[in-house]
Amino acid sequence: MPALTFTSSATIKEFSTTLNTKRIVGCKLVENNSWPSAPREIPIIGLKELPLSDEPLPHTHIQFAHCYKNQAGWSSVLARFFRGGGTLYDLEFLTDESGRRVAAFGYHAGFAGAAAGALALAAKKRGEKLGQLEPYANEDAMVHSVKQALGGTGKGVKALVIGALGRCGRGAVDLFKKIGLEEADILKWDMAETAKGGPFQEILDVDIFVNCIYLSSPIPHFVTHEQIRAAGKGRGLSVIVDVSCDTTNPHNPIPVYNINTTFSEPTVPVEVGPENPPLSVISIDHLPTLLPREASEQFSLDLLPSLLQLPNRQAARVWTEAEKLFKEKLALAVKAEGL
């Protein structure tokens, strides 16, 4: 195993749990955020984006960079690698022979997102706004808390999950089942159901809409401001949970909000027109941290086999394909930035 440097102390804690249960590997822990001074040959493992900066990046970085789908600032992020001579292996694009991601937080993102949506609905029924979200010890504790907030059961609540056949969608559906929604009240949509193109009236007819799609190309909008305003007081929809969080993507299919929300401020209101019932969006881009232990252990277990190939990455398909994609995106960024 090569030497590894992590971009944050949180990453160390999350990643080390599974490593320690597998075997003692003799890792040396260093000061938090000391990775910029690490020798160039040391790979830097992280999770989320690095802080905004123009500093060149000379290392090999393994992380979710969120810069391959024309997100806001994508070219400036990649320009840092060009200036520093570093390499990005984006965790989102480490795939197996069938094109499936080798490791993803999707299931727990969907599970936690559906829970947050149910909590927001419960708060609305009390005439309140959803407050601070706190991590749970495990899935059972989360389910118990949500059921309590709903008065003991989610029976009678209606939900629609788009992307229901993927990891994320399965997580959302499982949460809804565990809190007591009846099978008929959970609409499970995927590509077949959305093929006709939106906007979709069915979204306005449920209490909670959870978006779990993987956005790779422009698609018709799922729901719009105009549609919401036209529905008037008869709209059933109270909460949108955008687990996919393509907030800054120009092709975001839910163009009724434009900011990411947080655990301290989980919802953002949607402009619905005068005298119409309120509607809120949850757009938290780190939902799995509501279930930190289970999400971390699952992701680490899935990623570890590929990490063990890292010392010989020039001969390992998962890494060579990721590097090829990086070079393609880097060339586009260089052109966009005029470098």
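Keep in mind that this is a model prediction, so the values were computed, not measured. (Residues numbered from 1 in each chain as written. Predicted model: local features only at pLDDT ≥ 70, side-chain atom pairs only at ≥ 80, totals over all residues. Heavy atoms only, no water.)

Quick look at helix H2 (residues 74–84)
Turning to H2, its buried residues are Trp74, Ser75, Leu78, Ala79, Arg80, Phe81 and Gly84. Buried-residue contacts for H2 involve strand S3 (60–63), strand S4 (87–90) and helix H10 (317–337). Downstream of H2 by a residue or two, Gly85 has a phi angle that is positive, lying close to 80 degrees. (Buried < 20%, exposed > 50% of the residue type's maximum accessible area, 1.4 Å probe, protein only. Helix = DSSP H or I, 4+ residues; strand = E, 2+ residues; numbered from the N terminus. Contact = heavy atoms within 4.5 Å.)

So, the pairing of S4
With burial as the criterion, each face of S4 is covered, one bearing Thr87 and Tyr89 and the other bearing Leu88 and Asp90. Taking the sense of rotation as the criterion, the β-α-β connection linking S3, H2 and S4 turns out right-handed. (Right-handed = clockwise from strand over helix to strand, strands pointing away.)

A closer look at the packing of H2 against H10
Relative orientation of the contacting elements H2 and H10 amounts to 105 degrees, with a least axis distance of 8 Å. Here H10 runs roughly perpendicular to H2, going by the angle between their axes. Seen from H2, the contacting residues are Trp74, Ser75, Ser76, Leu78, Ala79, Phe81 and Phe82; seen from H10, they are Phe326, Lys329, Leu330, Leu332, Ala333, Val334, Ala336 and Glu337. Class assignment of the residues belonging to the contact of H2 with H10 gives a composition of eleven nonpolar, two polar and two charged. (Axes fitted to C-alpha atoms, helices over the stretch in contact; angles between N-to-C directions. Parallel < 35°, antiparallel > 145°, perpendicular 65-115°, else oblique. Nonpolar A, V, L, I, M, F, W, Y, C, P; charged D, E, K, R; others polar.)

With respect to the sheet that holds strand S7 (residues 208–211)
By definition, the strands of a sheet pair up through backbone hydrogen bonds, in either a parallel or an antiparallel sense. Across the sheet, which stays open at both edges, the six strands sit in the order S6-S5-S7-S8-S10-S9 with mixed pairing between neighbours. Of all strands in the sheet, those bounded by a partner on one side alone are strand S6 (186–189) and strand S9 (268–269). Where strand S5 (residues 159–162) lies against S7, four bridges are found, and the strand directions are parallel. By the bridge assignment for S7, Val161 is matched with Val210. Against the sheet, helix H3 (residues 106–125) contacts S7, strand S8 (239–242) and strand S10 (280–282), and its axis sits at roughly 160 degrees relative to S8. (Pairing = 2+ DSSP bridges.)

Regarding the pattern of salt bridges
For side chains bearing opposite charge, pairing can occur when the charged atoms are close. Under the defined criterion, the tally for this structure stands at 14 salt bridges. Lys196 is paired through a salt bridge with Glu202; the nearest N and O atoms lie 3.3 Å apart. Given a relative accessible area of 58%, Lys196 falls into the exposed group. The shortest N-O distance in the salt bridge between Arg229 and Glu271 comes to 2.6 Å. With Arg229 in helix H8 (residues 225–231) and Glu271 in the loop between S9 and S10, this pair connects stretches of sequence that are 42 residues apart. Exposure remark for Arg229: the relative accessible area of 34% places this residue in the partly exposed category. Sharing partners across several salt bridges, the network here consists of Lys69, Glu92 and Asp246. (Salt bridge = Lys/Arg side-chain N within 4 Å of Asp/Glu carboxyl O.)

Focus on the nonpolar core
If you look at the biggest cluster of nonpolar residues, it comprises 43 residues, and the most contacted ones within it are Met142, Phe176, Ile179, Ile208 and Val210. Within the residue set of this core, elements represented by two or more residues are H3, helix H4 (139–149), S5, helix H5 (167–178), S7 and S8. For this core, the element with the most residues is H3, which contributes twelve residues. Ile208 has contacts with Gly117, Ala118, Leu121, Val157, Lys158, Ala159, Leu160, Phe176, Leu237, Val239 and Val241, leaving out every residue within four places of it along the chain. (Core = buried A, V, L, I, M, F, W, Y, C linked by side-chain atoms within 4.5 Å.)

Notes on the packing of H3 against H4
Packing of H3 against H4 leaves a shortest axis separation of 9 Å and a crossing angle of 20 degrees. With respect to each other, H3 and H4 are oriented roughly parallel. For the element pair H3 and H4, the recorded crossing hand is left-handed. Here Tyr107, His108, Phe111, Ala112, Ala115, Ala118, Leu119 and Ala122 of H3 come into contact with H4, specifically with Glu139, Met142, Val143, Ser145, Val146 and Ala149. For the contact of H3 with H4, the per-class residue count stands at eleven nonpolar, two polar and one charged. (Left-handed = near helix turned anticlockwise from the far one by under 90°.)

Structural notes on the side chain of Arg80
Note that Arg80 resides in helix H2. Among the polar contacts listed, one links the side chain of Arg80 to the backbone oxygen of Pro51, at a separation of 3.4 Å. One polar contact links the side chain of Arg80 to the main-chain carbonyl oxygen of Glu55, over a distance of 2.7 Å. The residues contacting Arg80, other than those within four sequence positions of it, are Leu50, Pro51, Ser53, Asp54, Glu55, Pro56 and Leu57. (Polar contact = N/O pair within 3.5 Å; in protein donor to acceptor, adjacent residues only side chain to side chain.)

A look at the environment of Gly171
By secondary structure assignment, the location of Gly171 is in helix H5. Gly171 sits 122 residues away from Arg293 along the chain, and the two C-alpha atoms are 16 Å apart. With residues near it in sequence (within four places) discarded, Gly171 still touches Tyr107, Gly110 and Phe111.

Considerations on the confidence of the model for the protein
Counting all residues, the mean pLDDT for the protein is 92, and 92% of those residues have values of 70 or more. pLDDT under 50 marks residues 1–6. Its contacts with residues more than four places away, or in other chains, come to 21 contacts. (pLDDT = per-residue confidence, 0-100.)

Things to note about the packing of aromatic side chains
Per the counting criterion, the structure on display carries ten aromatic pairs. Where Phe64 meets Phe105, the ring centres are 6.3 Å apart and the plane angle is 50 degrees; that geometry is what we call tilted. Pair noted here: Phe64 is in the loop between S3 and H2 and Phe105 is in the loop between S4 and H3, with a separation of 41 residues, a long-range link. Neither residue differs from the other here; Phe64 and Phe105 are each classed as buried. For the ring pair Phe209 and Phe222, a centre distance of 6.4 Å and an interplane angle of 75 degrees mean the geometry is edge-to-face. With Phe209 in strand S7 and Phe222 in the loop between S7 and H8, the pair connects residues that are 13 residues apart, well separated along the chain. (Phe/Tyr/Trp six-rings, centres within 6.5 Å; stacked < 30°, edge-to-face > 60°.)

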